[in-house]
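Survey of secondary and tertiary structure
The primary structure of each chain is shown beneath.
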Amino acid sequence: MRYLMALSIGIFSVAWWPRLPESAIGIGFILLLSLAWFFIFRFSPKVGWVGLCLCLCLGICWALLSAAWQLQHQLPASLDKRDFVVTGTINGLVDTNDRRSRFRFAVDSALLLSDPSESVPLRSLLLSWYSFPSVGTKLISGDRWTLIVRLRQPRGLRNPGAFDYQSWLQQQSYSATGYIRQANTARRLQSSKQSIHHYRSQIRQAINGSSLSHLGSAVVVALSIGDKQQISAYWDDLARLGIVHLLVISGLHIGLIATMGFFLGKLIGRLLLPLYRWFPLLVSTVARCSGPVLAIVAALLYSLLAGFSLPTQRALIAVVVVMFSKLISRHVQPFTCIAWALLLIAITQPLAILSAGFWLSFVAVGVLLWWFTP
């Protein structure tokens, strides 16, 4: 477990570095580390603290590679506040009010408006459409568009104790932010497939079109597809009641859904026990695997329905670690499960340590396990 923790600490430590090294230095560091790892483990089976240092360095290397890959998709400073022609897909639910519509835009291509031969490798944008009502149509999740936008680098105010908007944009892997210009030139393109966000949008429309009250529909939408836009009007009242965390899909909800899937799978296995005489291998396999498999499937489907946000991804990884230990019929210590979940989250989300939800989740689970584990 200590090697897992050393890898995780190495990955997360890069989030606080004031400056990243050059790519050539990082590649050379990785090569030297690989050679040192090979020779030490080849000729010395007991490595002790040397192995921990190597794990720490290996984690740093992975974080540097992830940071370099993410910076490659950032808007260059030389192209800040320039106009681009972007083609892509609305990826996520559209946040609409009286002033503007804001949405996540997955970029297929981004060309400089003044020089269409220059392409920029952008990946995801946070766009606002202020003159959208004049277009005469609706923004629908999953639709493909060609838009003329003005982009700027992800940035925010650095007021002490205030919300770090720039850090949040980087955690969400946004390449740039911007707004639509020349709305009359926007073109909706034919989409060859429907995304999960399109179905989420349809579910939201169906709930809002039902006979529920405004507060009732806002709560159902928040709990079903993870859309917090409609409960923002009641946010202060919910905060005074202390139940905001119950209406924001996170690890608690993913864990409850996974638990329901686990016991449903166990029930299916018990119902098949009368067939054991004729199909012993099939029934025993289903009885052993149905619970963990259905728990993972239920958690995955609910995470997709909630938009696969970063908190749901972290909870899904934790569920997979626990259920996988049951699938391979191994007794794994609870803190070992936490260490594996921490490492997998560090590999997939190196900037997760900057999130307050990350600290709250792991500290709460760690305290509970420390208190209740014999």
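For the structure itself, consult the block above.
For the structure given in this document, a descriptive report is provided here. (Residues numbered from 1 in each chain as written. Predicted model: local features only at pLDDT ≥ 70, side-chain atom pairs only at ≥ 80, totals over all residues. Heavy atoms only, no water.)

Comments concerning the pairing of strand β1 (residues 82-90)
Judged from the 8 bridges that link them, β1 and strand β5 (residues 144-152) form a sheet pairing that is antiparallel. Looking across to β5, one finds that V86 is bridged to L147. With 7 bridges joining them, β1 and strand β3 (residues 101-112) adopt antiparallel strand pairing. By the bridge assignment for β3, V85 is matched with L111. (Pairing = 2+ DSSP bridges. Helix = DSSP H or I, 4+ residues; strand = E, 2+ residues; numbered from the N terminus.)

Re helix α5 (residues 196-208)
Relative to the 18 Å expected for 13 residues at 1.5 Å per residue, α5 spans 19 Å between its end C-alpha atoms, a close match to the ideal helical length. Taken as a whole, α5 has its buried residues at H197, H198, R200, S201, R204 and I207. Tucked into the core, α5 has its buried residues touching α6 (214-225) and α9 (280-305). (Expected span 1.5 Å × (residues − 1). Buried < 20%, exposed > 50% of the residue type's maximum accessible area, 1.4 Å probe, protein only. Contact = heavy atoms within 4.5 Å.)

Some words on the packing of helix α10 (residues 310-327) against helix α11 (residues 334-348)
The contact between α10 and α11 brings their axes to 9 Å, and the two run at 135°. For the element pair α10 / α11, the angle class is oblique. Two packed elements cross with a definite hand, and for α10 against α11 that hand is right-handed. Judged by residue contacts, R314, I317, A318, V321 and V322 of α10 engage C337, W340, A341, L344, I345 and T348 from α11. Looking at the contact of α10 with α11 residue by residue, the class counts come to 9 nonpolar, 1 polar and 1 charged. (Axes fitted to C-alpha atoms, helices over the stretch in contact; angles between N-to-C directions. Parallel < 35°, antiparallel > 145°, perpendicular 65-115°, else oblique. Left-handed = near helix turned anticlockwise from the far one by under 90°. Nonpolar A, V, L, I, M, F, W, Y, C, P; charged D, E, K, R; others polar.)

What about the packing of aromatic side chains?
By the definition in use, this model includes 9 aromatic pairs. On the basis of an interplanar angle of 15° and a centroid distance of 6.0 Å, the ring pair of Y165 and W168 is categorised as stacked. Of this pair, Y165 and W168 are both found in helix α4 (residues 165-171), 3 residues apart, which corresponds to roughly one turn of the helix. On the basis of relative accessibility, which here comes to 27%, the residue Y165 falls in the partly exposed class. The exposure class of W168 is partly exposed, given its relative accessible area of 29%. Centroid distance W370 to W371: 6.1 Å. Interplanar angle 55°. Geometry classified as tilted. An aromatic cluster of three or more residues is present, and its members are F12, F358, W359 and F362. Taking NZ or CZ as reference, R104 lies 4.4 Å from the ring centre of Y174, over its face. (Phe/Tyr/Trp six-rings, centres within 6.5 Å; stacked < 30°, edge-to-face > 60°. Lys NZ or Arg CZ within 6 Å of the ring centre and 35° of its normal.)

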